[in-house]
Amino acid sequence: MIPAALLIGASAGFLGGLLGIGGGVIIVPALIIALELDGRFGVTDTTLVAVATSLCCVVGVSVSAAHAQLRRGNLDPALLKHLGPFLVLGAVLAAPVGEWLPPQAFRLLIGAFLCFVSLVMLTRWAPDPSRQLPKLPASGVLGVAGGLLSGLAGIGGGNVIVPTLAYFNVPMHRATANASALGIPIALSGALGYLVTGWTNEGLKLPTGSVGYIYLPAVVAVVLAAVPCAPLGVRAAQRLDAGPLRRLFGALLVVVSLRMIYSALSLAS
């Protein structure tokens, strides 16, 4: 499990730096496969452990990204206050909702989300230039939904927040910067939710090293590998054309999402 987690972390860090994407998109499906091959985790718990562990990993990765954006002066305090509390509320709700969902429905949701992300990577969609970010209560509903989806998908929110802000014509550099900062409370509150929910589940039996639904050995291995590999991806991005790489990764995500949907259908049967 540890060698697999190190490989997952290195891949997530490098591709995250190369393509500017959240590592959770890579970590969650890869961890689900690794946990299944490991054999010590029950079918019902595998997806929950992968999502919770990913969120815990994303906290560490998001801190470094947000710090870099803060030093560059790219953060918008008003935007953070406007959406932050609602995103956190949605992320906290993800753990009880995820535990309530049948395993096959949970995997179908993750597969559908990955399919959406792949379409964003493969297309050149542009928003209506007249569209603006809504005010309360619409923005509150939007924030809770975004936090819930981020918590269920096991990501820091970048792949939800960036397209959402871009949809409302927030400049891409501001959308990316603020998504990095918002990823910290989203991932932290989501991870704590899975920790508490798993801790209070008296029937839950996971291997040594687990705290709630979080598998700590995998967290340590993923973060240790991801942190040094992310700058390598950033350097590579400066030398390579990002367009073909994004499309290639989008195509890869199509395969991953179909595999996730297939595994969900297999559980259902």
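Up top is the structure these notes are about.
Only a predicted model underlies this, so the values are computations on that prediction, with no experimental measurement involved.

(A) Representation of the overall build of the protein within the structure. Counting its regular elements, the protein contains 10 helices and 2 strands. In the protein, the succession of α and β elements from N to C terminus is α-α-α-α-α-α-α-α-β-β-α-α. Against the globule reference of 18 Å for 269 residues, the protein gives a C-alpha radius of gyration of 17 Å, in line with a compact fold. The C-alpha extent of the protein, read off along each of the three principal axes, is 50 × 45 × 35 Å. Burial status across the protein gives 45% buried among its 269 residues. Contacts spanning at least 24 positions in sequence make up 82% of the contacts within the protein whose residues lie at least 6 apart. Surface accessibility of the protein: about 12500 Å² in total, with carbon and sulfur atoms responsible for 70%. Placing the 15 positive and 8 negative side-chain charges of the protein at their respective mean positions leaves the two points 13 Å apart.

(B) Focus on the pattern of salt bridges. All told, the structure shown has 4 salt bridges when counted by the stated rule. Here arginine 259 makes a salt bridge to glutamate 36, at a shortest N to O gap of 3.7 Å. Of this pair, arginine 259 sits in helix H10 (residues 242-268) while glutamate 36 is found in helix H2 (residues 24-38), placing the two residues 223 residues apart along the sequence. A salt bridge links aspartate 38 to arginine 40; its shortest N-O distance comes to 2.7 Å. For arginine 40, a relative accessible area of 42% translates into the label partly exposed.

(C) Representation of the nonpolar core. Core analysis: the largest hydrophobic core is formed by 52 residues, its most contacted members being Met1, Ile27, Val51, Phe106, Ile110, Tyr194 and Tyr213. Looking at which element gives the most residues to this core, the answer is helix H3 (residues 43-71), with 9 residues. Residues contacting methionine 1, with those up to four places away along its chain left out, are Leu31, Ala34, Leu35, Asp38, Arg40, Tyr215 and Ala218. Among the nonpolar cores identified, the runner-up in size contains 12 residues, and Ala91, Leu165, Ala175 and Ile186 belong to it.

(D) Highlighting the packing of helix H4 (residues 77-100) against helix H8 (residues 172-199). Here H4 crosses H8 at 35 degrees, and the two axes come no closer than 8 Å. Viewed along their axes, H4 and H8 form a crossing whose handedness is right-handed. The residues of H8 that touch H4, namely those facing Leu79, Leu80, Gly84, Leu87, Val88, Ala91, Val92, Ala94, Ala95, Pro96 and Glu99, are Arg174, Asn178, Ala181, Leu182, Pro185, Ile186, Ser189, Gly190, Gly193, Tyr194 and Thr197.

(E) Looking closely at the layout of surface pockets. Roughly 230 Å³ of volume is contained in the second largest pocket. Residue lining of the second largest pocket: 14 residues in total, with Ile26, Pro29, Ala30, Leu252 and Val256 positioned closest to the centre. Mapped by element, the contributors of at least two residues to the lining of the second largest pocket are helix H1 (2-19), H2 and H10. Top contributing element to the lining of the second largest pocket by residue count: H10, with 6 residues. When the residues that make up the lining of the second largest pocket are grouped by side-chain class, the tally is 12 nonpolar, 1 polar and 1 charged.

(F) Region of the structure containing the environment of glycine 158. Residue placement: glycine 158 occurs in helix H7 (residues 158-167). Separated by 52 residues in the primary sequence, glycine 158 and serine 210 place their C-alpha atoms 26 Å from one another. Beyond its immediate chain neighbours, meaning those up to four positions away, glycine 158 contacts Pro163 and Ala179.

(G) Structural detail: the state of the cysteines. Applying the stated criterion to the full structure yields 0 disulfides. Not part of a disulfide, cysteine 229 finds its nearest cysteine sulfur in cysteine 57, a span of 14 Å.

(H) Inspection of H4 at higher detail. Relative to the 34 Å expected for 24 residues at 1.5 Å per residue, H4 spans 35 Å between its end C-alpha atoms, a close match to the ideal helical length. Remark: the principal bend of H4, roughly 35 degrees, maps to leucine 83, with a proline, proline 85, within the next four residues. Within the span of H4, buried status applies to Leu79, Leu83, Gly84, Leu87, Gly90, Ala91, Ala94, Ala95 and Gly98.

(I) Inspection of H8 at higher detail. Relative to the 40 Å expected for 28 residues at 1.5 Å per residue, H8 spans 39 Å between its end C-alpha atoms, a close match to the ideal helical length. Along its length, H8 shows its largest kink, about 30 degrees, at leucine 182, and proline proline 185 lies within four residues downstream of that point.

(J) Local environment of the side chain of threonine 53. Positionally, threonine 53 belongs in helix H3. Judged by relative accessible area, threonine 53 falls into the buried class, the value being 1%. There is a polar contact of 2.7 Å between the side chain of threonine 53 and the backbone oxygen of valine 49.

Thresholds, definitions, all that
Each residue is numbered by its place in its chain's sequence as written, counting from 1. A pLDDT threshold of at least 70 governs which residues receive local features in this predicted model, and a stricter bar of 80 or more applies before side-chain atom pairs are shown or counted, although totals over entire chains, interfaces and linings include all residues. Note: side-chain values were computed over all heavy atoms of the structure, leaving out hydrogens and water. Counting from the N terminus, the helices are the DSSP runs of H or I reaching at least four residues and the strands are the DSSP runs of E reaching at least two. The globule rule is 2.2 Å times the number of residues to the power 0.38, and the radius of gyration it is compared with is taken over C-alpha atoms. Only protein chains enter the accessibility calculation, which uses a 1.4 Å probe; a residue is then buried when its area is under 20% of its type maximum, exposed when over 50%, and partly exposed in between. Residue contacts are counted whenever heavy atoms from the two residues lie within 4.5 Å of one another. Note that accessible areas follow from Shrake-Rupley with a 1.4 Å probe, and for residues the cover is restricted to the protein chains shown. Charge convention: Lys and Arg are scored as positive, Asp and Glu as negative, and His as well as the terminal groups of each chain are ignored. One atom stands in for each charge, and that atom is NZ of Lys, CZ of Arg, CG of Asp or CD of Glu. Throughout this description, the term salt bridge denotes a Lys or Arg side-chain nitrogen within 4 Å of a carboxyl oxygen of Asp or Glu. In this text, buried Ala, Val, Leu, Ile, Met, Phe, Trp, Tyr and Cys residues form a nonpolar core when linked through side-chain atoms within 4.5 Å. In this analysis an axis means a line fitted to C-alpha atoms, helices contributing only their contacting stretch, and an angle means the value between N-to-C directions, from 0 to 180 degrees. We call a crossing left-handed when the near helix sits turned anticlockwise from the far one by less than a right angle, and right-handed when that turn is clockwise. For each structure, a 1 Å grid was placed over the protein atoms alone; sets of points admitting a 1.4 Å probe that cannot get out are labelled cavities, open sets with protein on both sides within 12 Å along at least five of seven lines are labelled pockets, and lining residues have an atom within 4 Å of a point. Grid points are joined across faces, edges and corners, and a volume is the space filled by probe spheres set on the points. Think of it as three bins: nonpolar holds Ala, Val, Leu, Ile, Met, Phe, Trp, Tyr, Cys and Pro, charged holds Asp, Glu, Lys and Arg, and polar takes everything else, Gly as well. We call a pair of cysteine sulfur atoms a disulfide when they lie within 2.5 Å. A helix's residues, less one, multiplied by 1.5 Å, set its expected span. Fitting axes to the seven residues ending at a residue and to the seven starting there, one defines the bend at that residue as the angle between these axes. The definition of a polar contact used here is a pair of N or O atoms within 3.5 Å, where within protein one atom must be able to donate a hydrogen and the other to accept one, and adjacent residues in sequence count solely through side-chain atom pairs.

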